[in-house]
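Commentary on secondary and tertiary structure
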Amino acid sequence: MLDGQLADTRSVIESWDESIRAQKALLAVGETTVDEVEQAEASRLEAEARLEELTNECMMAENALCSVLGRPSGHIARDSFSSAAFQVPASIPLHALASRPDVRQAEAVLKTAFYLTNAARAAFYPSITISAFLGRNGNKDEGDVFNTMSVRKLLGELTAPIFARGRLKADLRKAKAEQEEALIAFQQALLDAGKEVNDALSTQQYAQKTIRLNEQQIEKLTHVVEASEVRMKYDSEVNYLQVLLARQSLLDVKLALHANRFALVEATIQLYKALGGAAD
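All values derive from a computational prediction rather than experimental measurement.

Here the focus is the overall build of the protein. Scanning the protein from terminus to terminus reveals six helices and zero strands. Its helices and strands taken in sequence order, the protein reads α-α-α-α-α-α from the N to the C terminus. Here the protein holds 280 residues, and the buried ones make up 29% of them. Considering only contacts within the protein whose residues lie at least 6 apart along the sequence, 79% involve residues at least 24 apart.

Pasting the structure below:
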């Protein structure tokens with residue numbers, strides 16, 4: 001963004017230089033006034049101040065990036081980017097949210113709560129193992145004693161859930177409540193993730209549409225500036241203020257175009273983050 005704004009501002013300054021030279025030539029033959037020349041010079045100085053401001057911002061951005069990269073401050077070689085290289089999807093499928101850490105965590109909590117509910121429900125049933133133990137040795141008395149002990153143990157396991165039924169019901173209600181809470185948290189995580197994705201998509205689409213409008217404005221304002229300059233040279237009734245206003249409008253739209261291109265890049269990064277780093 002800053003590189004484009006620097007280039008456009010330099011171009012505006014060059015056009016001001018040409019205009020000032022033309023205005024001074026017109027002043028020499030009495031076709032213009034000193035006020036108009038000074039107004040043009042003041043506009044050039046304003047553009048030059050803006051150029052210095054942008055240069056400083058660009059230098060600070062390079063220094064910050066060098067610090068992140070762990071290298072001494074200095075110039076960073078880079079290429080210009082085109083907004084046409086960014087593909088703006090019309091929609092994102094819901095399963096794309098599965099890569100987000102918060103969604104995965106909420107899903108894991110929901111699964112755990114579901115398993116705990118099933119375990120609490122299964123606790124109502126006795127846990128017994130049926131096996132053929134009768135006649136495993138030839139001693140009848142010993143077998144009777146064994147059978148009696150096994151039956152007592154079996155009865156204890158069968159009746160244990162009955163006596164603990166109140167506690168088991170409370171455990172089941174707690175597990176169901178925790179499962180419902182986990183389900184609500186999972187749904188909210190999906191809603192929050194969907195909102196972030198929607199915001200990023202909306203910003204992308206808005207920036208892309210605004211970029212197209214800015215490009216159309218620049219095309220029309222460029223024609224206005226050229227026509228105003230030609231009319232000023234050959235039509236004494238054309239006020240130089242019209243040229244100044246047209247140039248200022250053109251510069252404003254060019255700067256806005258770069259800002260919207262930067263907004264498109266930021267929205268693309270936000271969409272990638274909103275999808276958990278799994279954007280296609």
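Take the confidence of the model for the protein next. Of the residues in the protein, 75% reach a pLDDT of 70 or more, and the chain-wide mean stands at 76. Per-element confidence in the protein ranges from a low mean pLDDT of 50 for helix 4 (residues 140–163) to a high of 85 for helix 5 (residues 165–234). Here residues 132–146 is a poorly scored stretch, pLDDT under 50, and it has six contacts once near neighbours within four places are set aside; other chains count.

Below, the discussion takes up the nonpolar core. In terms of nonpolar packing, the biggest core is built from 16 residues, with Leu-97, Phe-186, Val-197, Leu-271 and Leu-275 touching the most fellow members. Grouped together as the second largest cluster of nonpolar side chains are 12 residues, Ile-13, Leu-244, Leu-251 and Leu-255 included.

All right, on to the side chain of Glu-62 then. Here Glu-62 lies in helix 2 (residues 34–69). Residue Glu-62 is classed as buried on the basis of its relative accessible area of 12%. Excluding residues within four positions of it along the chain, Glu-62 makes contact with Gly-74, His-75, Ile-76 and Arg-78.

What follows covers a nonpolar patch on the surface. On the surface, a cluster of nonpolar side chains totalling about 310 Å² of accessible area is made up of Leu-65, Val-68 and Leu-69. By the element assignment, Leu-69 lies in helix 2. Take Leu-69: its relative accessible area is 52%, and that puts it in the exposed class.

Turning our eyes to something else, we now look at the packing of helix 1 (residues 2–28) against helix 2. Helix-helix packing is characterised by the crossing angle of the two axes and by the distance between the axes. Between helix 1 and helix 2, the least distance of the axes is 9 Å, while the angle of their chain directions is 160 degrees. Considering their axes alone, helix 1 and helix 2 lie roughly antiparallel with respect to each other. Handedness of the helix 1/helix 2 crossing: left-handed. Per-class residue counts for the contact of helix 1 with helix 2 are 15 nonpolar, five polar and 10 charged.

Further remarks concern the environment of Lys-273. With respect to the element layout, Lys-273 can be found in helix 6 (residues 240–274). In this structure the C-alpha to C-alpha distance between Lys-273 and Glu-196, which are 77 residues apart in sequence, comes to 9.1 Å.

Should their charged atoms come close, side chains of opposite charge can pair. Scanning the entire structure with this criterion turns up nine salt bridges. With a shortest N-O distance of 2.8 Å, Asp-199 and Lys-195 are connected by a salt bridge. Of this pair, Asp-199 and Lys-195 both sit in helix 5, four residues apart, which is roughly one turn of that helix. Given a relative accessible area of 37%, Asp-199 falls into the partly exposed group. The partner of Arg-261 in a salt bridge is Glu-215, and the shortest N-O contact between them spans 3.6 Å. Taken together, the residues Arg-261 in helix 6 and Glu-215 in helix 5 connect sequence positions 46 residues apart. Three or more residues joined by partner-sharing salt bridges are found here, namely Asp-17, Arg-44 and Glu-48.

Turning our attention to the environment of Val-225. Position of Val-225 among the secondary structure elements: in helix 5. By relative accessible area, which is 8% here, Val-225 ends up buried. In this structure the C-alpha to C-alpha distance between Val-225 and Gln-248, which are 23 residues apart in sequence, comes to 9.7 Å. If we skip the residues at most four places from it in the chain, Val-225 touches Ala-246, Arg-247 and Leu-250.

If you check helix 1, its first and last C-alpha atoms are 39 Å apart, about what 27 residues at 1.5 Å a residue would give, namely 39 Å. Along helix 1, the residues that are buried comprise Leu-2, Gly-4, Gln-5, Leu-6, Asp-8, Thr-9, Val-12, Ile-13, Trp-16, Ser-19, Ile-20 and Gln-23. Among the residues trailing helix 1, Gly-30 stands out with phi positive, at a value near 80 degrees.

Procedures and definitions
- Along each chain, the written sequence defines residue order, and numbers are assigned to residues from 1.
- Since the coordinates come from a predicted model, pLDDT governs what is reported: local features require at least 70, and pairs of side-chain atoms require 80 or more to be given and counted, while whole-chain, interface and lining totals use all residues.
- Hydrogen atoms and water are omitted, and side-chain values are computed over all heavy atoms in the structure.
- Helix and strand assignments come from DSSP, with helices taken as H or I runs of at least 4 residues and strands as E runs of at least 2, each series counted from the N terminus.
- Any residue under 20% of the maximum accessible area for its type is buried, any over 50% is exposed, and the rest in between are partly exposed; the area is computed with a 1.4 Å probe on protein chains only.
- Residue contacts follow a heavy-atom distance rule, with two residues in contact if any of their heavy atoms lie within 4.5 Å.
- pLDDT is a residue-level measure of predictor confidence that goes from 0 to 100.
- Each nonpolar core is a collection of buried residues, namely Ala, Val, Leu, Ile, Met, Phe, Trp, Tyr and Cys, held together in the definition by side-chain atoms within 4.5 Å.
- Two distance rules govern patches: like charges are joined within 9 Å, and nonpolar side chains (Val, Leu, Ile, Met, Phe, Trp, Tyr) within 5 Å, applied only to residues with over 30% relative accessible area and no salt bridge.
- Per-residue and other accessible areas follow the Shrake-Rupley method at a 1.4 Å probe size, with only the shown protein chains counted as cover for residues.
- Salt bridges are counted wherever a side-chain nitrogen of Lys or Arg sits within 4 Å of a carboxyl oxygen of Asp or Glu.
- Helix axes use the C-alpha atoms of the stretch in contact, all axes being lines fitted to C-alpha atoms, and the angles between their N-to-C directions lie in the range 0 to 180 degrees.
- Our angle categories are set so that under 35 degrees counts as roughly parallel, over 145 as roughly antiparallel, 65 to 115 as roughly perpendicular, and the remainder as oblique.
- Handedness of a crossing follows from how the near helix is turned relative to the far one, being left-handed for an anticlockwise turn of less than a right angle and right-handed for a clockwise one.
- Residues were grouped as follows: Ala, Val, Leu, Ile, Met, Phe, Trp, Tyr, Cys and Pro as nonpolar; Asp, Glu, Lys and Arg as charged; and all remaining residues, including Gly, as polar.
- Any helix carries an expected span of 1.5 Å times its number of residues minus one.

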